[in-house]
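Chain by chain, the residues:
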Amino acid sequence: AGKSRDDITAMPLGLDTPSTIGIAVAIIGPVYLSGRDPWAAWQVGMATLVCIGILKLILSFAGDWIRNMVPKAGLLGSLAGIGIALLGFLPLTHLFHMPLVGMLAFGIVLTTLVAKLPLPGRLPGAAVSVILATGLYYLLGSFDLLADDYRLATLTVGLTPPVPTLGFIHGLEIAYDYLPLAIPFGLLTVVGGINVTESARVAGDAYTTKSILLTEAVSTLAAGLTGGVAQTTPYIGHPAYKSMGGRAGYTLACGLFIGIGGAFGFISSIVELLPAAAVVPILIFVGLEIISQAFKTCRKEHYPALALAFLPIVANLVLIQWKTFLGGNLDSLDPGRTKDYMVVAALGNGFILTSMLWGAIGARLVDQKINHTAVFLSLSALLSLFGVIHSVFPNGNLYFPWDLDTTMPIHIALGYLIFALFLVLVSKWRPTKPCVPGAQD
């Protein structure tokens, strides 16, 4: 891209939180409970991760094609929706659990990173916000002013280096039964990888999608072959890291720190040491940056498409909150609210892929490219039929529609197809408005 290496921000890579929790709750947990054998549960977890890694490896070669086919409103709209819901609202709840600490960190982040007002000595705002807020946390806690929210960190150290193992082979047979659950987790990180590559390109770092997806696929496979049960994914927020001055050294340092910390077991101590309220303002800033990027780089005509892309992620947020309030016990749900829960689950499951498709549908519809819109609608119908998007199961797993007791997936798929048919008929009756000359995406 004509830039020196010093100008390029490295793509951050780390554990994928949603699938880590999902695999633990929906796969490893049930396997353990079925036989009370921790070794068997671990082997199934590894086997699941290896299967996900192979799937991601295959799909990596289609990444650039998908990025070229989907308009920016779909690629960046899904990230911006995550910025609003998962990096905006959810961290805010942690901040307001402890506002005395959180508002100090939040104020420093907004002042230095958003308003770009420099601190004395040009100190980095993100680091200062965490340090000062953490110091305030321990100061207030020592005077018993934080009540039950205060706790001292405990140091835990233990040597647990990653060691190659073929233990996953013993878990493959059982892992195959859980593939309908595992495949959506892998697909979500592939779609996320495509989206963040576009985000990085718009920010000025022209990575190839294939290289990013291959990196996450190989790292996921490596984790499964060394005892890991959590897949890796490229992290969203590239424009935020770039604006904070992050380059290759920043990402390398983070990788070494997390890797060494995990091998020696002191990462959990650091997590305990830092109160959540002191850290989450940085996540909120990342969310603000990717929301801003979407609106800066997409055409104004596509703003409705961006807003459309936000909606499945808002549904996922509602689903997360609903599960939190239920404490994971769906049996406690009022029978009269079961249909409502299924609807929210269908809207929220597969949210990042749904969001990308809805953004693409909205953008191509605004451009009056009816055939393109119909193709995206038809693809959405096909994917919803098998639960890749709009899964009616709370855990989001795949299925064959003819095996279900509900016709909801068929109705959703037909709804998309009716929409597509309507558009095709309208296009035959009315001339389409020409697109804006030279407009892209």
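1. Topic: the pattern of salt bridges
Applying the stated criterion to the full structure yields 8 salt bridges. Between aspartate 64 and arginine 67 there is a salt bridge, with its nearest N and O atoms 4.0 Å apart. Highlighted residues: aspartate 64 and arginine 67, both in helix H3 (residues 63-69), separated by 3 residues, approximately one helical turn. Look at aspartate 64 and you get partly exposed, because its relative accessible area is 24%. Residue class for arginine 67 comes out buried when judged on its relative accessible area of 15%. With a closest N to O distance of 3.0 Å, aspartate 205 and lysine 242 form a salt bridge. Of this pair, aspartate 205 sits in the loop between helix H8 (179-203) and helix H9 (209-224) while lysine 242 sits in helix H10 (residues 238-243); the two residues are 37 residues apart in sequence, bridging distant segments of the chain. The buried category is assigned to lysine 242, whose relative accessible area is 15%. Taken together, the shared-partner salt bridges connect Asp64, Arg67, Glu198 and Arg201 into one network.

2. What to know about helix H6 (residues 125-142)
What sets the pattern is the α-helix's 3.6 residues per turn: residues three or four places apart point alike. Compared with the 26 Å implied by 1.5 Å per residue over 18 residues, the 26 Å span of H6 between its first and last C-alpha is a close match. For H6, the complete set of buried residues consists of Gly125, Ala126, Val128, Ser129, Val130, Ala133, Thr134, Tyr137, Tyr138, Leu140 and Gly141. The inward-facing, buried residues of H6 contact helix H5 (99-114), helix H12 (267-273) and helix H13 (276-297). Just downstream of H6, aspartate 144 is the residue with a positive phi angle, here 60°.

3. Considering the packing of helix H2 (residues 38-59) against H9
To describe two helices that pack against each other, one gives the angle between their axes and the distance between the axes. Two numbers describe how H2 lies on H9: the axes approach to 8 Å, and their chain directions differ by 160°. Accordingly, the angle class assigned to the pair H2 and H9 is roughly antiparallel. Handedness of the crossing formed by H2 with H9: left-handed. Only Leu213, Leu214, Glu216, Ala217, Val218, Thr220, Leu221, Ala223 and Gly224 of H9 make contact with H2, whose side of the interface consists of Met46, Leu49, Val50, Ile52, Gly53, Ile54, Lys56, Leu57 and Leu59.

4. Some points on the packing of aromatic side chains
Following the criterion strictly, the structure yields 12 aromatic pairs and no others. Between the aromatic rings of tryptophan 39 and tryptophan 42, the centroid separation amounts to 5.3 Å while the plane-to-plane angle is 65°, which identifies the pairing as edge-to-face. With a gap of 3 residues between them, tryptophan 39 and tryptophan 42 both fall in helix H2, about one helical turn apart. An aromatic cluster is present here, built from Tyr137, Tyr138 and Tyr150 joined pairwise through their rings.

5. Notes on the side chain of threonine 209
Tracing the sequence through the fold places threonine 209 in helix H9. Looking at threonine 209, the relative accessible area reads 0%, which means it is buried. A polar atom in the side chain of threonine 209 sits 2.9 Å from the side chain of arginine 67.

6. Thoughts on H2
End to end, H2 covers 32 Å across 22 residues, agreeing with the expected 32 Å (1.5 Å per residue, within 8%). Between a side-chain oxygen at the N-terminus of H2 and the backbone nitrogen of tryptophan 39 the separation is 3.0 Å; the capping residue is aspartate 37.

7. A look at unusual backbone geometry
Most peptide bonds take the trans form, and the phi angle of most residues other than glycine is negative. The residue arginine 36 is not glycine, and still its phi comes out positive at about 55°. Among the secondary structure elements, arginine 36 is positioned in the loop between helix H1 (17-35) and H2. Among the residues examined, arginine 36 registers a relative accessible area of 56% and is labelled exposed. In this model, aspartate 144 sits at a positive phi of 60°, which is unusual for a non-glycine residue. For aspartate 144, the location among the structural elements is in the loop between H6 and helix H7 (172-177).

Analysis parameters
Residues numbered from 1 in each chain as written. Predicted model: local features only at pLDDT ≥ 70, side-chain atom pairs only at ≥ 80, totals over all residues. Heavy atoms only, no water. Salt bridge = Lys/Arg side-chain N within 4 Å of Asp/Glu carboxyl O. Helix = DSSP H or I, 4+ residues; strand = E, 2+ residues; numbered from the N terminus. Buried < 20%, exposed > 50% of the residue type's maximum accessible area, 1.4 Å probe, protein only. Expected span 1.5 Å × (residues − 1). Contact = heavy atoms within 4.5 Å. Axes fitted to C-alpha atoms, helices over the stretch in contact; angles between N-to-C directions. Parallel < 35°, antiparallel > 145°, perpendicular 65-115°, else oblique. Left-handed = near helix turned anticlockwise from the far one by under 90°. Phe/Tyr/Trp six-rings, centres within 6.5 Å; stacked < 30°, edge-to-face > 60°. Polar contact = N/O pair within 3.5 Å; in protein donor to acceptor, adjacent residues only side chain to side chain.

Geometry only, nothing functional implied.
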